[in-house]
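# Structure at a glance
If you want the building blocks of each chain, they are given just below.
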Amino acid sequence: KDARQYAETQTTALSKYVDNLNTYKLNKEGAVLFRFGSATLNNEGKKMLDDLAGQVANQQRYIIEIQGFTDNVGDKNTNVALSQRRADAVVRYLTVEHK
């Protein structure tokens, strides 16, 4: 009976945890701007990412969503690749500099 009760308690706790993963609140939104055709972070972009990392440093659970964008000038495939390199640059910076 104790094992069954323990299993039910753990299942309920896990269910609440999983439900909470799908219900998050947008806390901050921002944009890191890049020079035309570039995927290199500038000092202003790094500062913005440093500020973001400082805000979430003491939080136990958070999600950072990163999206890469370009303008519509030039070849579509080139822009898609540039978008990915920009997003990768942000991820790399946050990972290396702020773990």
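Residues numbered from 1 in each chain as written. Predicted model: local features only at pLDDT ≥ 70, side-chain atom pairs only at ≥ 80, totals over all residues. Heavy atoms only, no water.

## Some remarks on the confidence of the model for the protein
When the pLDDT values of the protein are averaged, the result is 87; 91% of them are 70 or greater. Ranking the elements of the protein by mean pLDDT puts helix α1 (residues 2–21) last, at 76, and helix α3 (residues 76–98) first, at 94. (pLDDT = per-residue confidence, 0-100. Helix = DSSP H or I, 4+ residues; strand = E, 2+ residues; numbered from the N terminus.)

## Some details on the pattern of salt bridges
The tally for this structure, following the rule as stated, stands at one salt bridge. Here Asp-51 and Lys-47 are joined by a salt bridge, their closest N and O atoms 3.1 Å apart. Taken together, the positions of Asp-51 and Lys-47, both in helix α2 (residues 43–56) and four residues apart, correspond to about one turn of that helix. (Salt bridge = Lys/Arg side-chain N within 4 Å of Asp/Glu carboxyl O.)

## What to know about the side chain of Ser-38
Within the fold, Ser-38 resides in the loop between α1 and α2. Once you skip the residues sitting within four places of it in the chain, Ser-38 turns out to touch Leu-82 and Arg-86. (Contact = heavy atoms within 4.5 Å.)

## Thoughts on the side chain of Ser-83
Position of Ser-83 among the secondary structure elements: in helix α3. Residue Ser-83 is classed as buried on the basis of its relative accessible area, which comes to 13%. Dropping the residues within four chain positions of it, Ser-83 is found in contact with Gly-68, Phe-69 and Thr-70. (Buried < 20%, exposed > 50% of the residue type's maximum accessible area, 1.4 Å probe, protein only.)

## Observations regarding α3
Think of an α-helix as turning once every 3.6 residues; residues three or four places apart then point the same way. For α3, built from 23 residues, the straight-helix expectation of 33 Å at 1.5 Å per residue is met to within 8% by its first-to-last C-alpha distance of 33 Å. When α3 is considered as a whole, its buried residues turn out to be Asn-79, Leu-82, Ser-83, Arg-86, Ala-87, Ala-89, Val-90, Tyr-93 and Leu-94. Looking at the buried positions of α3, the neighbouring elements they touch are α2. Among the residues of α3, the N-terminal cap falls to Asp-75, whose side-chain oxygen and the backbone nitrogen of Asn-77 are separated by 3.2 Å. Downstream of α3 by one or two residues, Lys-99 has phi in the positive range, about 50°. (Expected span 1.5 Å × (residues − 1). Polar contact = N/O pair within 3.5 Å; in protein donor to acceptor, adjacent residues only side chain to side chain.)

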